[in-house]
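Letter by letter, the chains look like this.
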Amino acid sequence: MDHTAVRKLIISAMRQQRMSLDRAAEWIANIFDAKLADLAPAVDSIRREGARNKLLDSPPGVLQETAAEARMSSWYSGSEEGDELWPRLESRIKSGPMADVVTEIDNASTKVVANLADPSVYGLRKRGLVVGYVQSGKTANYTAVMAKAADAGYGLFIVLSGMYDNLRRQTQVRLSRDIVDHDWVPLTTDDADFGNVVNGAAFLARGTKSIAVVKKNQARLRSLRDWLRDIPQDIRRRVPVLLLDDEADQATPNSATRQDRQTRINRLIRQIWQEIPTGTYLGYTATPFANIFMDPNDDQELYPADFIIDLPRPKAYFGAERVFGREPLNDADDPDPGLDMVRDVPDEEAKELRPPSNREARQTFDPALPPSLIEAIRWFLVATAIRRARAQHDAHSSMLIHTTHYIQPHIAMQGRVQALISTIRADWQDGNIWDLDGCYRREAMRAKEVASVELPAWSKVKQAIARVLSDVRILVDNGESDDRLDYDRVVDGKPVPETVIAVGGGTLSRGLTLEGLVVSYFTRTSNTYDTLLQMGRWFGYRTGYEDLTRIWMQASLAEEFRFLALVEHEIRQDMAHMERMQVTPRQLGVRVRAHPGRLAIVARNKMQHADIVRITYAGRRLQTFIFDELGRSVIARNQDAAKELVTSCRKVVPERQILGLPRWIFTDIPAQQITSFLKTYQFHPDQVGLHGDHMIGWIERAAPSNPWNVVVIGSDKIHRRDDNSPIPLGEMDLGLPMPVPAVNRAPLRMPEPGTANIKALLSHNDWFADLPPGLVAELGESSADPRTIRRERSKGRGLLIIYPVSCRSTPMGPARKTNSRRDMQAPDHLIGVGIIFPEVEQEGLAKDGTYYSVHPDWEVEAVDEEDLPQDREGSHIIDGHKVGIRP
């Protein structure tokens, strides 16, 4: 038989008749009076394709992979000839601004669909989670997923679209435009949320596809639940449902304080899921903390028990790591150092903008605009003019001002900004261009390395300023405002490119996309990871104005976003690890690093199922690469700690100098002397993974009897200037027979003097600093696996390395040519420390910082139900007998 023709017939039967793969094969065999063995090549081909799609390398995912479930789940062979919705959506994407990422969207959405419950298996239900990045295009992914799922046999689509009217409407408009056509029954519209749907069984029973985009509002969810309950069970069982929860970490997780209680929205969504006999609950979020903290042992809960899929970070995406940078996790890790896009809001200015907690006092709160906000507004005007000078006349350009979630101060801020714009307009008309000219000179070149379009000269930018000042609008978008962001305005039949300064709070802090966001002024704080990340509306794509994006915030907030970049990276590492191990989220919880300061992962009442877990230091190598550059007391304290360590080591064993080099080794030093050093040495607070108390705790609990080797390493190199004169790096007296020559470690150019980031202290060979030198030469290629070498050769010993770092360190080699580093500004030599912990068997006792994990039990910040936004939308009324039914 023709393999290709048989394959098409089987897939057609699976999709049109909602048959399983095996049942479709039997049906086709009976029609053609053929043997099943004759169809085996086609059946095996479809099964292999489904399995491959389920395990696509990009994006990585965490899968349920028991033998029976794998066979049942490997059902989706990808888009097929005859599909309607995905080919149409793909064509639309290719003709729009996301054309360059259509392949990424196709691959990622195929993997998601391959992990959904097979729609041909009635009674099969699965729960999963898709993790993206804030403002990274999650909507584009789930629109593609819905299109492919509809082509493949899913019949009813319920999208839970956050809590606000404007976000629900934005989602409805996109889905109506991209996938809904005249053959569908829309149960909601652009202006009307779920209302009264009668005779729903009439169109569901006949296979008519339907969609509802519903807010997480009690009344709406209750109506949806009751509508489902009214449809006969046998009909619902034959209609595969995709319950897609956008912003799944908001309101969905249970935040009731007592474990035997549930919040109303959590209970209603659970009840809706219980009314779906066949289908998939699919959560989407960029901040999955609450979802992975749900109780995995509660089958009624919405914990992603079957799969977690991590969407890849697109190359053009600007996220927390790209903007703020992050710390490396290990020696092989080379993270982005961050871009020069963040501007400081002094603490005193942020405090002036913070409204009082008293309700009456807030009614009259009207502070003057601080200098930092005035500068931010000026740059927004200049940056928008630059975009127009780059011929981006039809593009939206937005600025966000987010200083508080309280509503009344937004109105006062709007008035202040309008007054400032009026003043700037008048000054410009009078020929006073110096404020904006100066802003251009200060800012325009500071992120030039990411520009994809050449920066126009001020003379060209100046020509566009007047029109920008004429077009700019200042509006308030909050829970009570009637003047909402609308990027679909049409005047005289033509789309209007918006130039808008949006002042707001809650409605601008989650889900909603600000098109063409150039400038963000952000002073609002949050106590939890998820809320802070979600408020970063500046994350996303900035094609054509990558170099113009700026964020004004307090320095402490910038550091918290930098920390969260590390948290994001680690979570995704755990997800990739689960996929490699082929375990489910239910079997192995995801860890989330705890903040060393004020931030909580999620609200306390959402961590009922979370446990503190201890992560082993065994065999790990850590190094100091961030230093307090100007703190004389810290520098002196660390020098004293090193001297005391050397003195104590010399009392145990004489030092041995290695081959006449400036390198000394002490062997078999008791662990107590290492912990004494760690108690005295002061690590820089920005090095999240280096906490003296954590390391001390691990050594005392897991390796109290393991001996250590201590090595002091100096430099034997002579560094020279361009004129060949030697650079005097200096030396340090640590109590050894001779002073130790300091090593050259020039810091990165950013940050500026005060904090020195040298990026790396140790070299690869330092893994073996306490082993015989001849051995290192013999290792050859095997040295690429240093941990195994140490496990075999060091016999359970730890290694502590002391490096004096010269206060005269200067860029050398490529770093001097690229201007990526600067001279060290320290008043005296610094003490660098490298630590390689001993391998131990008792890893269960290990402690590395503090992480939280559902073990496997977990949850993130809930909304106080007394502060839920008002529902001011209409209700869609529909009678199933009166809609167009396909024969």
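Residues numbered from 1 in each chain as written. Predicted model: local features only at pLDDT ≥ 70, side-chain atom pairs only at ≥ 80, totals over all residues. Heavy atoms only, no water.

Asks: Please explain the sheet that holds strand β26 (residues 708-713) as it appears in this structure.
Replies: Adjacent strands of a sheet pair through backbone hydrogen bonds, lying either parallel or antiparallel. In space, the six strands of this open sheet follow the order β22-β31-β30-β26-β25-β24, with mixed pairing throughout. Each of the sheet's edge strands pairs with one partner strand only, and the pair in question is β22 (621-623) and β24 (656-657). Examined bridge by bridge, β26 and strand β30 (residues 798-805) share five bridges and lie parallel to one another. By the bridge assignment for β30, W708 is matched with G798. (Pairing = 2+ DSSP bridges. Helix = DSSP H or I, 4+ residues; strand = E, 2+ residues; numbered from the N terminus.)

Asks: Please explain the sheet that holds strand β13 (residues 473-477) as it appears in this structure.
Replies: An order of β11-β19-β17-β12-β16-β13 is seen for the six strands of this open sheet, with the pairing classed as parallel. Only two strands of the sheet have a single partner each, and these edge strands are β11 (342-344) and β13. Here the strands of the sheet are splayed against their neighbours by 20 degrees on average, with no regard to which way each runs. (Axes fitted to C-alpha atoms, helices over the stretch in contact; angles between N-to-C directions.)

Asks: Whenever I open this one, the packing of helix α5 (residues 85-94) against helix α6 (residues 102-115) confuses me. Can you help?
Replies: Helix-helix packing: each pair is described by the crossing angle between the helix axes and the interaxial distance. Their axes nearest at 10 Å, the elements α5 and α6 cross at an angle of 150 degrees. In this view, α5 runs roughly antiparallel relative to α6, as classed from their interaxial angle. Listed contacts from α6 to W86, E90, I93 and K94 of α5 are V102, I105 and D106. Across the contact of α5 with α6, the residue classes tally to four nonpolar, no polar and three charged. (Parallel < 35°, antiparallel > 145°, perpendicular 65-115°, else oblique. Contact = heavy atoms within 4.5 Å. Nonpolar A, V, L, I, M, F, W, Y, C, P; charged D, E, K, R; others polar.)

Asks: Can you help me understand helix α27 (residues 786-793) in this one?
Replies: Residues lying three or four places apart along an α-helix face the same way, a consequence of the helix completing one turn every 3.6 residues. Residues of α27 that are buried include every one of P786, I789 and R790, and no others. All buried residues of α27 project into a common sector of 95 degrees when viewed along the axis, lining one side. K795 sits one or two positions beyond α27 and adopts a positive phi of about 55 degrees. (Buried < 20%, exposed > 50% of the residue type's maximum accessible area, 1.4 Å probe, protein only. Arc of directions from axis to C-beta.)

Asks: Please explain the pattern of salt bridges as it appears in this structure.
Replies: If the charged atoms of two oppositely charged side chains come close together, the side chains can form a pair. One pass over the structure, following the stated rule, counts 42 salt bridges. Salt-bridge contacts for D181 lead to R88; the nearest nitrogen and oxygen are separated by 3.1 Å. In this pair, D181 sits in the loop between α8 (165-178) and β4 (185-186) while R88 sits in helix α5, placing the two residues 93 residues apart along the sequence. Judged by relative accessible area, which is 18%, D181 ranks as buried. Across the pair D770 and R790 runs a salt bridge, and its minimum N-O distance is 2.9 Å. With D770 in the loop between β29 (755-757) and α26 (773-779) and R790 in helix α27, this residue pair connects regions lying 20 residues apart in the sequence. (Salt bridge = Lys/Arg side-chain N within 4 Å of Asp/Glu carboxyl O.)

Asks: Help me understand a nonpolar patch on the surface in this model?
Replies: There is a patch of nonpolar side chains on the surface, built from L9, W27, I31 and F32 and spanning about 370 Å² of accessible area. Within the secondary structure layout, F32 lies in the loop between α2 (21-31) and α3 (36-54). Residue F32 is classed as partly exposed on the basis of its relative accessible area, which comes to 48%. (Patch = residues over 30% accessible without salt bridge, like charges linked within 9 Å, V, L, I, M, F, W, Y side chains within 5 Å. Areas by Shrake-Rupley, 256 points an atom, 1.4 Å probe, with all protein chains shown as cover.)

Asks: Would you mind going over the confidence of the model for the protein with me for this structure?
Replies: Reading predicted coordinates in detail is not appropriate for stretches of low pLDDT. Residue-level pLDDT values for the protein average 82, and 82% of them are 70 or greater. Between the elements of the protein, mean pLDDT differs from a low of 40, seen in helix α4 (residues 67-73), to a high of 97, seen in helix α17 (residues 371-389). (pLDDT = per-residue confidence, 0-100.)

Asks: I'm lost on the nonpolar core in this one. Help?
Replies: Burial of nonpolar side chains together is a common tendency in soluble globular proteins. Grouped together as the largest cluster of nonpolar side chains are 73 residues, with contacts concentrated most on L187 and W227. Per-element accounting of this core gives the leading share, nine residues, to helix α22 (residues 555-581). With 66 residues, the next largest nonpolar core counts A642, L645, L690 and V833 among its residues. (Core = buried A, V, L, I, M, F, W, Y, C linked by side-chain atoms within 4.5 Å.)

Asks: Whenever I open this one, the environment of A444 confuses me. Can you help?
Replies: Mapped onto the fold, A444 is located in the loop between α19 (434-443) and α20 (458-471). Dropping the residues within four chain positions of it, A444 is found in contact with W379, C439, L455, D547 and R550.

Asks: Quick question: what am I supposed to make of the packing of aromatic side chains here?
Replies: Two measures describe an aromatic ring pair: the distance that separates the ring centres and the angle between the ring planes. The tally for this structure, following the rule as stated, stands at 16 aromatic pairs. Geometrically, the ring pair formed by Y317 and Y541 is edge-to-face, given 5.9 Å between the ring centres and 65 degrees between the ring planes. Residue Y317 is located in strand β10 (residues 317-318), and its partner Y541 is located in strand β18 (residues 540-541); the two are separated by 224 residues in the primary sequence. Here Y317 falls in the buried class, since its relative accessible area comes to 3%. Grouped by ring-pair contacts, the aromatic residues F324, F522, F539 and F561 constitute a single cluster. Across the ring face of F318, the terminal group of R322 is positioned such that the distance to the ring centre comes to 4.6 Å. Across from the ring centre of Y406, 3.6 Å away, lies the NZ or CZ of R362, which sits over that ring. (Phe/Tyr/Trp six-rings, centres within 6.5 Å; stacked < 30°, edge-to-face > 60°. Lys NZ or Arg CZ within 6 Å of the ring centre and 35° of its normal.)

Asks: What is the right way to look at the environment of N254 in this model?
Replies: Along the chain, N254 turns up in the loop between β7 (241-246) and α12 (264-274). Judged by relative accessible area, N254 falls into the buried class, the value being 5%. For the pair N254 and R267, spaced 13 residues apart in sequence, the C-alpha to C-alpha distance is 7.9 Å.

Asks: Any chance you could explain a negative patch on the surface here in plain terms?
Replies: Where like charges cluster on the molecular surface, the negative patch consists of D344, D347, E348 and E352. Among the elements that take part in the negative patch, helix α15 (residues 347-352) stands out by supplying three residues, more than any other. Inspection of the secondary structure assignment puts D347 in helix α15. We classify D347 as partly exposed; its relative accessible area is 49%. (Lys, Arg positive; Asp, Glu negative; His and termini not counted. Charge placed at Lys NZ, Arg CZ, Asp CG, Glu CD.)

Asks: Help me understand the packing of helix α23 (residues 632-652) against helix α24 (residues 671-680), please; the structure alone is not making it clear to me.
Replies: It is the contact of α23 with α24, at a shortest axis distance of 9 Å, that shows an interaxial angle of 170 degrees. The orientation of α23 relative to α24 falls into the category roughly antiparallel. On α24, the residues that touch R637, N638, A641, A642, E644, L645, S648, C649 and V652 of α23 are Q673, F677, K679 and T680. Partitioning the contact of α23 with α24 into residue classes produces six nonpolar, four polar and three charged.

Asks: Would you mind showing me how to read helix α7 (residues 138-152) here?
Replies: Taking 1.5 Å of rise per residue, 15 residues should cover 21 Å, and α7 covers 21 Å from first to last C-alpha, within 8% of that figure. Most of α7 sits inside the fold, with 15 of its 15 residues counted as buried. (Expected span 1.5 Å × (residues − 1).)

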